[in-house]
Amino acid sequence: MPGGARALYRRILLLHRALPAALRALGDRYVKEEFRKHKAAGPAEAQRFLREWENYAVLIQQQISEDKENLREKTVYGIQLTEEKLNDFRDEQIGQLKELMDEATKPHKKITISKDSEHKT
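Rules used in this analysis
- Residues numbered from 1 in each chain as written.
- Predicted model: local features only at pLDDT ≥ 70, side-chain atom pairs only at ≥ 80, totals over all residues.
- Heavy atoms only, no water.
- Helix = DSSP H or I, 4+ residues; strand = E, 2+ residues; numbered from the N terminus.
- Contact = heavy atoms within 4.5 Å.
- Phe/Tyr/Trp six-rings, centres within 6.5 Å; stacked < 30°, edge-to-face > 60°.
- Buried < 20%, exposed > 50% of the residue type's maximum accessible area, 1.4 Å probe, protein only.
- Axes fitted to C-alpha atoms, helices over the stretch in contact; angles between N-to-C directions.
- Parallel < 35°, antiparallel > 145°, perpendicular 65-115°, else oblique.
- Nonpolar A, V, L, I, M, F, W, Y, C, P; charged D, E, K, R; others polar.
- Core = buried A, V, L, I, M, F, W, Y, C linked by side-chain atoms within 4.5 Å.
- Polar contact = N/O pair within 3.5 Å; in protein donor to acceptor, adjacent residues only side chain to side chain.
- Salt bridge = Lys/Arg side-chain N within 4 Å of Asp/Glu carboxyl O.

Asks: I keep staring at the overall build of the chain and nothing clicks. Help me out?
Replies: A tally of regular secondary structure across the chain gives five helices and zero strands. Along its sequence from the N terminus, the chain presents helices and strands in the succession α-α-α-α-α. Contacts in the chain between residues at least 24 apart in sequence constitute 50% of all its contacts with a sequence separation of at least 6.

This is how it looks when you write it as structure tokens:
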């Protein structure tokens, strides 16, 4: 992938710092996996990949700004995917989306660490 990929990657991870902790962890993990998978992508695939991630970065930046300015009662990050967009996905991508949705919607475990650090719940 071209050198601009590294800058975009860093930009996205920096943007994620403004997200709630659970979203940040999930987003960071997903971004790292996706960029790693696409390191050896061909020129056309790399261009599309980077364009989609650039769109994501612009959207997240806008939503973070709106959240900071309290323009919305409750901030919702991301967008609903259109049927047209979903139809463009390969089966592998649909599977990844399903995994991401499952991860994002499962109940959050509370982790508490006792002083003796022996018990974690």
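Asks: Help me understand the packing of aromatic side chains in this model?
Replies: Remark: the centre distance and the inter-plane angle together describe each pair of aromatic rings, the angle taken between the planes. With the rule as written, the count across this model stands at six aromatic pairs. Measuring from centroid to centroid gives 5.7 Å for Phe35 and Trp53, while their planes differ by 50°, and the two rings are tilted. Placement of the pair is Phe35 in helix α2 (residues 21-37) and Trp53 in helix α3 (residues 43-68), with a sequence separation of 18 residues. Assigned by exposure class, Phe35 and Trp53 land together as buried. Linked through ring pairs, Tyr9, Tyr30, Phe35, Phe49, Trp53 and Tyr56 together constitute an aromatic cluster.

Asks: Please clarify how the packing of helix α1 (residues 4-16) against α2 should be interpreted in this entry.
Replies: Relative placement of two packed helices is described by the angle separating their axes and the distance separating the axes. Between α1 and α2, whose axes approach to 9 Å, the crossing angle comes to 170°. With respect to their mutual orientation, α1 and α2 come out roughly antiparallel. Where α1 abuts α2, its residues Ala5, Leu8, Tyr9, Ile12, Leu13 and His16 lie against Arg24, Gly27, Asp28, Val31, Lys32 and Phe35. In the contact of α1 with α2, the residues fall into seven nonpolar, two polar and three charged.

Asks: Hey, could you run me through the nonpolar core in this one?
Replies: Proteins that are soluble and globular tend to have nonpolar side chains buried together. Leu8, Ile12, Phe35 and Trp53 are the most contacted members of the largest nonpolar core, which totals 15 residues. Looking at this core, the element that brings in the most residues is α3, giving six residues. In contact with Ile12, other than residues within four places in its own chain, are Val31, Phe35, Trp53, Tyr56 and Ala57.

Asks: Hey, could you run me through the side chain of His16 in this one?
Replies: For His16, the location among the structural elements is in helix α1. Given a relative accessible area of 0%, His16 falls into the buried group. A polar side-chain atom of His16 sits 2.7 Å from a polar atom in the side chain of Asp28. Excluding anything up to four places from it in sequence, His16 contacts Arg24, Gly27, Asp28, Val31 and Tyr56.

Asks: Can you help me understand the side chain of Glu34 in this one?
Replies: Mapped onto the secondary structure, Glu34 falls in helix α2. Note on Glu34: relative accessible area 6%, which makes it buried. A distance of 3.0 Å separates a polar atom in the side chain of Glu34 from a polar atom in the side chain of Gln96. Apart from residues lying up to four places away in sequence, Glu34 is in contact with Phe49, Trp53 and Gln96.

Asks: Even after reading the chapter, I still don't get the pattern of salt bridges, so can you show me in this structure?
Replies: Should the charged atoms of two oppositely charged side chains come close, the side chains can pair. Applying the stated criterion across every chain yields a total of four salt bridges. When the shortest N-O distance is used, the salt bridge between Glu54 and Arg11 registers 2.6 Å. Of this pair, Glu54 sits in helix α3 while Arg11 sits in helix α1; the two residues are 43 residues apart in sequence, bridging distant segments of the chain. Exposure remark for Arg11: the relative accessible area of 32% places this residue in the partly exposed category.

Don't take any of this as a statement about function, it's just geometry.
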